[in-house]
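# Descriptive structure summary
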Amino acid sequence: MILFAILVGTLFAGVGSVWVAAALSFGVLARYTQHMLSLAAGALLATAFMHLLPEAFESGIGPDHLFMTLLIGLVFFFLLDKAELWHHGHEHGAHPPEDAPAAEHAHAPGAAHDHGHDHAHGHSHGHTGGGWAVLAGDSVHCFGDGVLIAAAFMADMRLGAIAAVAVLAHEVPHHMGDLMVLRSSTTDRKAALIKVSLAGSVTALGGVLGFWLVEQLAELLPYFLVVASSSFMYVALADLIPQLQKRLGARQTAAQIAWLLIGIGLVTLVSTLAHQH
């Protein structure tokens, strides 16, 4: 009975939060695609700095271990980004390295080739690097949420239900950010929704394993939180923020800043409410 309740609660929180986020991102807020990039950056940074890292440091594990984990996570997602870029480059044919002599570029098909190379590189970075990094981090985060929900259900059924609702609530702004990261380079909403839903379903895996190994996994939970935060920090700072660094008019710049702050505010608000309850 408890295991069934854990499965229902984790799927409700993990996948349900993705669908609520999709209804908002692709419905009410669909017309504000560019603004959603700012909101996504704010939501991911706030999730890392205002939610995940504070929870990890509350565990009592030494800061040196957690900061080392954060550094390793950032380097890992940088290398993952690089690996995907190289793989994408080989799939679409070899391109001259960026530091190749200008003479070699002179024998290329001309400006059209250069433009194609730049376009392919930019598309690759937005589609594979940020996308895979945020999905990997989201999966780790959702796994940790599943362990927390399982522990709550094992303590008390009502507490488990409250924990599932709280997780769903504080995941909605974060998943809106995830969907915007994936949508920033593709128009396929269905594919983006499926990928983030699969990451959200990892919550159930965390719940099931948490049911059997709650004590062992609870010891590792702070490290899961730090690894997840490193992925969100990397995607926000390496993939989203650079897309926002364009010369714009005063009104557009103010809108960017406003939506960035809205993303931060939403995550901070729901995380605070979830902790209070």
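Residues numbered from 1 in each chain as written. Predicted model: local features only at pLDDT ≥ 70, side-chain atom pairs only at ≥ 80, totals over all residues. Heavy atoms only, no water.

Before going further, it helps to spend a moment on the overall build of the protein. Looking only at helices and strands, one finds 8 helices and 0 strands in the protein. Listed N to C, the secondary structure of the protein is α-α-α-α-α-α-α-α in terms of helices and strands. Taking the contacts inside the protein whose residues are at least 6 apart along the sequence as the reference set, 87% of them involve residues at least 24 apart. Per element, the accessible surface of the protein, about 14,000 Å² overall, is 70% carbon and sulfur. (Helix = DSSP H or I, 4+ residues; strand = E, 2+ residues; numbered from the N terminus. Contact = heavy atoms within 4.5 Å. Areas by Shrake-Rupley, 256 points an atom, 1.4 Å probe, with all protein chains shown as cover.)

Before going further, it helps to examine the side chain of Ser197. Within the element layout of this structure, Ser197 appears in helix α7 (residues 189-244). Ser197 gets classed as buried once you look at its relative accessible area, which sits at 12%. Filtering out sequence-adjacent residues up to four positions away, Ser197 remains in contact with Val15, Val18 and Trp19. (Buried < 20%, exposed > 50% of the residue type's maximum accessible area, 1.4 Å probe, protein only.)

Turning next to a nonpolar patch on the surface. Judged by side-chain polarity, Met68, Leu71, Ile72, Val75, Phe78 and Leu79 come together as a nonpolar surface patch covering roughly 570 Å² of accessible area. Residue position: Met68 is located in helix α3 (residues 63-91). (Patch = residues over 30% accessible without salt bridge, like charges linked within 9 Å, V, L, I, M, F, W, Y side chains within 5 Å. Salt bridge = Lys/Arg side-chain N within 4 Å of Asp/Glu carboxyl O.)

Turning our attention to the packing of aromatic side chains. Using the criterion set out here, one finds 4 aromatic pairs in the structure. Ring centres 5.3 Å apart and planes at 55° place the aromatic pair Phe57 and Phe67 in the tilted group. On the criterion of sequence distance, the pair formed by Phe57 in helix α2 (residues 33-57) and Phe67 in helix α3 is long-range, its members being 10 residues apart. Judged by its relative accessible area of 30%, Phe57 falls in the partly exposed class. Measuring from centroid to centroid gives 5.1 Å for Phe76 and Phe77, while their planes differ by 70°, and the two rings are edge-to-face. (Phe/Tyr/Trp six-rings, centres within 6.5 Å; stacked < 30°, edge-to-face > 60°.)

Moving on: the environment of Phe12. With respect to the helices and strands, the residue Phe12 is situated in helix α1 (residues 2-28). On the basis of relative accessible area, Phe12 is assigned to the partly exposed category, the value being 42%. Filtering out sequence-adjacent residues up to four positions away, Phe12 remains in contact with Ser17, Ala164, Val165 and Leu168.

On to the nonpolar core, then. Grouped together as the largest cluster of nonpolar side chains are 50 residues, with contacts concentrated most on Leu44, Val134, Leu179, Phe232, Val235 and Leu240. Elements with a minimum of two residues in this core: α1, α2, α3, α5 (111-155), α6 (157-183) and α7. Element by element, the count of residues in this core is highest for α7, at 13 residues. Contact partners of Leu240, with chain neighbours within four places excluded, come to Leu37, Ala40, Ala41, Leu44, Val181 and Val235. (Core = buried A, V, L, I, M, F, W, Y, C linked by side-chain atoms within 4.5 Å.)

Once that is clear, we can look at the environment of Leu66. Tracing the chain through its elements places Leu66 in helix α3. Using a relative accessible area of 1% as the deciding quantity, one classes Leu66 as buried. Residues Leu66 and Leu53 lie 13 residues apart in sequence; the distance between their C-alpha atoms is 8.9 Å. Beyond its immediate sequence surroundings of up to four residues, Leu66 is in contact with Ala56, Phe57, Ile61, Pro222, Tyr223 and Val226.

Read these as layout, nothing more, since geometry by itself doesn't imply function.
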